Amino acid sequence: MKRIGLLTSGGDAPGMNACIRAVVRTALYFGMDVYGIQRGYQGLIDDDMIPMQMRSVSNIVQRGGTMLMTARCLEMLTKDGQEKAVKTLKNRKIDGLVVIGGDGSFRGAKCLSEDYGIPTIGIPGTIDNDLAYTDYTLGFDTAVNTCLDVINKLRDTMTSHERISVVEVMGRHCGDIALYAGIASGAEIIIVPEVPIDMEDIIMRINRSRVDGKRSNIILLAEGVCTADEFSKRLQSVTAYSVRSTVIGHIQRGGSPTMADRMLAAQFGNKAVRLLNDGIGDRVVGIRKNEIIDMDIIEAVSMKKKFNYELYQTLQMISM
Ligand code: F6P
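Residues numbered from 1 in each chain as written. Predicted model: local features only at pLDDT ≥ 70, side-chain atom pairs only at ≥ 80, totals over all residues. Heavy atoms only, no water.

A. Molecular detail of the site of the ligand. Close contacts around the ligand come from Arg72, Ile127, Asp128, Met170, Gly171, Arg172, Glu223, His250 and Arg253, and that covers them all. One nitrogen or oxygen atom from the side chain of Arg172 is found 3.4 Å from an oxygen atom belonging to the ligand. For the ligand, an oxygen atom lies 2.7 Å from a polar atom in the side chain of Arg253. Protein coverage of the free-state accessible area of the ligand, which is 400 Å², stands at 74%. Taking a 2 Å distance to the grid points as the criterion, the majority of the atoms of the ligand fall inside the largest pocket. (Near = heavy atom within 4 Å. Polar contact = N/O pair within 3.5 Å; in protein donor to acceptor, adjacent residues only side chain to side chain. Areas by Shrake-Rupley, 256 points an atom, 1.4 Å probe, with all protein chains shown as cover. 1 Å grid on protein atoms, 1.4 Å probe; cavity = no way out; pocket = protein on both sides within 12 Å on 5 of 7 lines; lining within 4 Å. Sits in = over half its atoms within 2 Å of the grid points.)

So, in structure tokens, the structure goes:
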């Protein structure tokens, strides 16, 4: 393989820049040319790309966001868009592609490899941690740590006023950000799409904690359930304690990546290019039981994410 393309697609995630750096430098190590495609699949359709050198990726390992910019590209879902994307790759003599993104981005990658025979490697880059085949996605750790900073601050003010804080976190249909941030912050309750809401249990847990001397409660609510305002209103109608709602929002997507995400970025990026260099395409990379793995892209995209009920029960037992 002589020339590869690289793009970031979908919602940005901390660690994408560190991953771009790893992809570019590994490719240069193997003597490949690398093109950085701008604004995700839209840049592929519009032939918007820049050649990347060693110094193009200097001083970005610590930066959030993506230097290549990103977009959600509806045109890539159409036959016409896909054909334009393939034409760009052929014209540019790009014979392999690395796509850093989430579920939607992987569907584009699967289409390029399955329907058009373009050797493509997917790197899981999303804060949502909603891909079934990998234990962690790039950006999840940083996003959860950002939530922890916010929750620590909320705990201070909620305790002073003896309030209940309903904190909405991202994650689309996946409750992992709420689950991990809930356990790590000591939130008393988490509400996730994977577990039906039990209002009686929530009230019981709040009341019991207050009788026990607790002066505040944190409820982490995954956005896939409902909004923080909706849930706060519902809760306020059945409790005498004062309820306030906070939406952490896009703050979760920014910021300098944690060590864990920088390590994932380096290993995912390096592995993706090693695969292409060995003439292997149509794979995704991930991490399982602390080992970097790769697997068939079609299989990966069809897997259904399992919720970690054991972790959920852990929270129920230790947070009160
Ligand atoms: O997929 C990442 C994510 O941040 C989700 O958690 C969230 O639902 C969505 O993207 C928000 O998308 P946008 O940035 O387009 O508002």
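B. Region of the structure containing the packing of aromatic side chains. A full pass over the atoms with the stated rule returns seven aromatic pairs. A ring pair is formed by Tyr136 and Phe140, whose centres lie 6.2 Å apart and whose planes are at 20 degrees; its orientation type is stacked. You can call Phe140 buried: its relative accessible area is 3%. A cation over a ring is seen here: Arg210 above Tyr241, with NZ or CZ 4.2 Å from the ring centre. (Phe/Tyr/Trp six-rings, centres within 6.5 Å; stacked < 30°, edge-to-face > 60°. Buried < 20%, exposed > 50% of the residue type's maximum accessible area, 1.4 Å probe, protein only. Lys NZ or Arg CZ within 6 Å of the ring centre and 35° of its normal.)

C. Broad picture of the sheet that holds strand S7 (residues 189–191). Strand order across the open sheet formed by four strands is S7-S8-S6-S9, with parallel pairing between neighbours. What marks the edges here is a single partner per strand, and that holds for S7 and strand S9 (243–247). Recorded for the sheet is a direction-independent mean angle of 20 degrees between the axes of neighbouring strands. Here strand S6 (residues 164–169) runs beside strand S8 (residues 217–222); their pairing, made up of six bridges, is parallel. Along S8, the bridge assignment pairs Ile164 with Asn217. Along the sheet, helix H7 (residues 199–211) contacts S6, S7 and S8; its crossing angle with S8, the most-contacted strand, is approximately 155 degrees. Contacting S6, S7, S8 and S9, helix H8 (residues 228–236) crosses the sheet at an angle of about 170 degrees to S9. (Pairing = 2+ DSSP bridges. Helix = DSSP H or I, 4+ residues; strand = E, 2+ residues; numbered from the N terminus. Axes fitted to C-alpha atoms, helices over the stretch in contact; angles between N-to-C directions. Contact = heavy atoms within 4.5 Å.)

What is shown is where atoms sit, not what they do.
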